[in-house]
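Survey of secondary and tertiary structure
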Amino acid sequence: MSKLNINELNEKYNLDLEKVISLVIKDNAKLVLLQFPDGLKPYATTIVDYLESKTGAKFLIWFETCFGACDTPVLGRELEEKVDLVIQFGHNELMPSY
């Protein structure tokens, strides 16, 4: 698998990174946990490097399994108290809830 740069990644996967940046800045998040589907995990560090350069926040990568939007990370209490924001990247948009 060839390594894609951030522009190629955003084009290929429509990551909506500007929205992520805006949310991190708006929430004044200092520590953000990112969860990726398996297909994006090889590019996680490229995405983190880009987001850190744009926000000044620190990012953690959740490398456990991810079976969809309902598969949210279960954090220990100590980590949960330190993480300001959890962002999940997925393959599709969530269905609206009514």
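All of these numbers come straight from a predicted model, not from anything done at the bench.

1. Here we look at unusual backbone geometry
At Asn 14, a position not held by glycine, the phi torsion is positive, near 50 degrees. Take Asn 14: its relative accessible area is 63%, and that puts it in the exposed class. Phi at Asn 28 is positive, roughly 55 degrees, even though this residue is not glycine. Among the structural elements, Asn 28 can be located in the loop between α2 (17-26) and β1 (31-35). In this structure Asn 28 comes out as exposed when scored by relative accessible area, which is 52%.

2. Quick look at α2
For α2, every residue scored as buried is listed here: Leu 17, Val 20, Ile 21 and Val 24. End-on view of α2: buried residues confined to an arc of 100 degrees, all on one side of the axis. Counted as exposed and oriented over 90 degrees from the buried face of α2: Lys 19 and Lys 26. The secondary structure elements touched by the buried residues of α2 are α1 (6-13), β1, α3 (44-55), β2 (58-62) and β3 (85-88). With its phi angle positive at about 55 degrees, Asn 28 sits one or two positions after the end of α2.

3. Points about the nonpolar core
In globular proteins that are soluble, nonpolar side chains generally tend to be buried together. Val 24, Val 32, Leu 34, Leu 51 and Phe 89 are the most contacted members of the largest nonpolar core, which has 24 residues in total. Elements with a minimum of two residues in this core: α1, α2, β1, α3 and β3. With five residues, the single largest contributor to this core is α3. Ignoring anything within four residues of it in the chain, the contact list for Phe 89 reads Leu 15, Leu 17, Val 20, Leu 34, Gln 35, Phe 36, Pro 37 and Leu 40.

4. Quick notes on the side chain of Gln 35
Following the sequence through the fold, Gln 35 ends up in strand β1. Note on Gln 35: relative accessible area 1%, which makes it buried. Of note is the side chain of Gln 35, whose polar atom sits 2.5 Å from the side chain of Gln 88.

About the cut-offs
- Residues numbered from 1 in each chain as written.
- Predicted model: local features only at pLDDT ≥ 70, side-chain atom pairs only at ≥ 80, totals over all residues.
- Heavy atoms only, no water.
- Buried < 20%, exposed > 50% of the residue type's maximum accessible area, 1.4 Å probe, protein only.
- Helix = DSSP H or I, 4+ residues; strand = E, 2+ residues; numbered from the N terminus.
- Arc of directions from axis to C-beta.
- Contact = heavy atoms within 4.5 Å.
- Core = buried A, V, L, I, M, F, W, Y, C linked by side-chain atoms within 4.5 Å.
- Polar contact = N/O pair within 3.5 Å; in protein donor to acceptor, adjacent residues only side chain to side chain.

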